[in-house]
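Read off the chains here:
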Amino acid sequence: MHNLSTVIRFGLPYLRKYWARLACGILLGLIFGLSNTIILGATKTLLDRMFPKPAVASASEQNHEGWKAKAQATLAPVRDKISSFVDPWLPRSSRPVDARQVLGALVFFPLLFAFRGYAGYLTGYCMGWVSERVVNDLRQDVFHKLGTLSLDFYNRSTMGNLITHVDGDTQALQKALNFGVSDLAKEPITIVCTVAFLLWLDWELTLFVVGFLPLCILPMTILGKKMRRASRSNTQAAVSQQSVLVEFLSSIRLIKAYNLEEQATNRFGAHARRILQQRMKQIQAKELISPLMEVLGAFGLGIVIIYILIRHKTGSDLAVFVAAVAALNPPIRKVAGLHLFFEQAVAGIERLMAIFREEPTVKEPTVPRRIKPFAREIRFENVTFAYRDRPVLQNFNLALPYGMKLGVAGESGSGKSTLINLLYRFYDPQEGRILIDGQDIREARTAELRAHMALVSQEIILFDQTIAENIGCGKPGATRTEVEAAAQAAFAHDFILQLPAGYDTRVGDRGVLLSGGQRQRIAIARAFIRQAPILALDEATAALDAEAEAQVQKAIDHLSEYRTVISVAHRLSTLAKMDKVIVLRSGAIVEEGTFAELIRSQRSFGAMARTQGIFSDAHAHLAH
């Protein structure tokens, strides 16, 4: 019951939206349960007509029949109306067979079973309709929740784990709602109505038989705990396997280059064996329910037969009671199986609840202030920041006037990209603040803040959509004219027209159908169409060859016109046109000046430049 309440409490906010269809499914489930009892009652009625009871009965039977007679007298008006309609159509041993009786005998049970069958079908359909929509809503909520979380959450999560949250965890709930709730609506009422019918037939024997039902609880409890342990272990193994798969697919070029196929296959296989082991435990727990229930049911059936023989019951009583007891077996077995469904669902729900409890470290302001159009300066004021326990910036100060193009250089890990991450509010500093025109960026909505900025990074992200759609991502609702104008500004228009479908060409997963330079120019066009006053360039040409870099740099120079630019670069030649260059070391500015001034210096920037083959005019003259 605890597992059921956990599933219901978690799913209730989603179920409320579809209460009408849910109520219809539950009502039809009740009708299905009643229909089983109607079939048993109809069977007994027909057998009593075919094989009448003897006139003399025992004292116990007379008492029981007297109790039933009183109850039947209460229902006599309804019974008489039904009997007057049905009686001519059903055969009776005391009268000759006519055409109506033959027809009635042929269609009597098919009609009853069709009624039950369609009630069961409609119950399953309604519950399936509800569960599919509930899980679809849940998946969208999980996806939306992941979108609200800050980058530090993704830094401590694996891709396989995130995929499992959206797919695997919600699928466990889907099974519980689809099959579990459907059976929960049908089978308990079937059990209750069947037991009530058995009490009607013989209350003493029924109470004796029902006494065996508690014996089902112990194996259900033991197997349920086993199922939950196996479900948790299976989820952990599936997450690890999913991560290996994502790594393999995203790194296939490297894997082939280093002949790592066998190693990757072995890693995948190790997780697959763990999953297989845990799934077999789940199957074992699930399949053990049936033989246990069947053995208990068969034992009880044997006792029923012996009891009926001792009590000298009629053939119809024997047949109907045995059929009714046998009819209890499937619903009891399904109800027992519900426990396992809900055990599996709870394991997924616990993981989903953990996701919903996650809070972004970068929070939206309670009362946001509207950010004004950028006009004066960007200022980093006493900013201290660390990734977990690794300090990056310490009391960092920087002023970037409107319209300035700032280059940022330094060794790996010196804090170059961190400046852009903080400006975009991918992270918030532990101390200090970042101001745009004197306004703390934490006071503005992140969406509004980022609308004032455009980003072009080394990691070129293109979606598996058309080129026009990828460019249009920079400005939702952009017209085709605006898309083409942005492509022309990024010097991408000509090569796009040479593609098979032009702007409607799909670029493939991560843009694999385009070259590196083409992908980067699409990314620059996406920044162009945004028309943002602040431009962040994060190693934008680092992954390109010399020819592609020249093409992309031309597009970047065009994009940088009339904008405030922060350009982070390891390749120092890309900073030549910057108004000012700062050099970072351990999160602090150790050098600053124009590109030419720093080249002539004998300090770290000059040393890095000479390492990359960049010399000042004086050095170049001496070299010749």
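Rules and cut-offs
- Residues numbered from 1 in each chain as written.
- Predicted model: local features only at pLDDT ≥ 70, side-chain atom pairs only at ≥ 80, totals over all residues.
- Heavy atoms only, no water.
- Salt bridge = Lys/Arg side-chain N within 4 Å of Asp/Glu carboxyl O.
- Helix = DSSP H or I, 4+ residues; strand = E, 2+ residues; numbered from the N terminus.
- Buried < 20%, exposed > 50% of the residue type's maximum accessible area, 1.4 Å probe, protein only.
- Pairing = 2+ DSSP bridges.
- Axes fitted to C-alpha atoms, helices over the stretch in contact; angles between N-to-C directions.
- Contact = heavy atoms within 4.5 Å.
- Phe/Tyr/Trp six-rings, centres within 6.5 Å; stacked < 30°, edge-to-face > 60°.
- Lys NZ or Arg CZ within 6 Å of the ring centre and 35° of its normal.
- 1 Å grid on protein atoms, 1.4 Å probe; cavity = no way out; pocket = protein on both sides within 12 Å on 5 of 7 lines; lining within 4 Å.
- Points joined across faces, edges and corners; volume = space filled by probe spheres on them.
- Nonpolar A, V, L, I, M, F, W, Y, C, P; charged D, E, K, R; others polar.

Caption draft 1: Looking closely at the pattern of salt bridges. Counted according to the given criterion, the structure contains 16 salt bridges. A salt bridge links arginine 369 to glutamate 443; its shortest N-O distance comes to 2.7 Å. Here arginine 369 is found in the loop between helix H12 (315–357) and strand S1 (377–387), whereas its partner glutamate 443 is found in the loop between strand S5 (439–440) and helix H14 (446–450), with 74 residues between them in sequence. Measuring nitrogen to oxygen at the nearest pair gives 3.1 Å for the salt bridge that ties lysine 577 to aspartate 557. Taken together, the residues lysine 577 in the loop between strand S8 (564–568) and strand S9 (580–585) and aspartate 557 in helix H19 (residues 546–560) connect sequence positions 20 residues apart. Residue aspartate 557 is classed as partly exposed on the basis of its relative accessible area, which comes to 24%. Among the charged side chains, a network of salt bridges with common partners joins Asp152, Arg156 and Glu358.

Caption draft 2: Broad picture of the sheet that holds strand S7 (residues 534–538). Taken together, 6 strands build an open sheet; the order of strands is S6-S7-S8-S3-S9-S10 and the sheet is mixed. Unpaired on one side and paired on the other, strand S6 (453–457) and strand S10 (588–593) mark the two borders of the sheet. When the angles between neighbouring strand axes are averaged without regard to direction, this sheet yields 20°. In the sheet, strand S3 (residues 405–410) pairs with S9 via 5 bridges, with the strands oriented parallel. Within the sheet, the bridge partner assigned to valine 408 lies in S9 and is isoleucine 582. Relative to S9, helix H21 (residues 604–611) is tilted by about 95°, and along the sheet it contacts S3, S9 and S10.

Caption draft 3: Region of interest: the packing of aromatic side chains. Counted under the stated rule, the structure contains 12 aromatic pairs. Ring plane angle 20° and centroid distance 5.3 Å describe the contact between tyrosine 424 and phenylalanine 426, whose orientation is recorded as stacked. Judged by relative accessible area, tyrosine 424 falls into the buried class, the value being 5%. Feature note: the residues Phe385, Tyr387 and Tyr427 constitute an aromatic cluster, connected by ring pairs. Above the plane of the ring of tryptophan 129 lies arginine 21, whose end atom (NZ or CZ) is 4.0 Å from the centre.

Caption draft 4: Highlighting empty space enclosed by the protein. Using the criterion set out here, one finds 3 cavities of 30 Å³ or more in the structure. Here the largest cavity is characterised by a volume of approximately 120 Å³. The set of elements that each furnish at least two residues to the lining of the largest cavity consists of H19 and S8. Take the lining of the largest cavity: its biggest share by element is 4 residues, from H19. By residue class, the composition of the lining of the largest cavity is 7 nonpolar, 5 polar and 3 charged. A volume near 40 Å³ is recorded for the second largest cavity. Together, Leu149, Ser150, Asp152, Phe153, Arg156, Glu358, Glu359, Pro360 and Thr361 line the second largest cavity. When grouped by side-chain class, the residues that make up the lining of the second largest cavity number 3 nonpolar, 2 polar and 4 charged.

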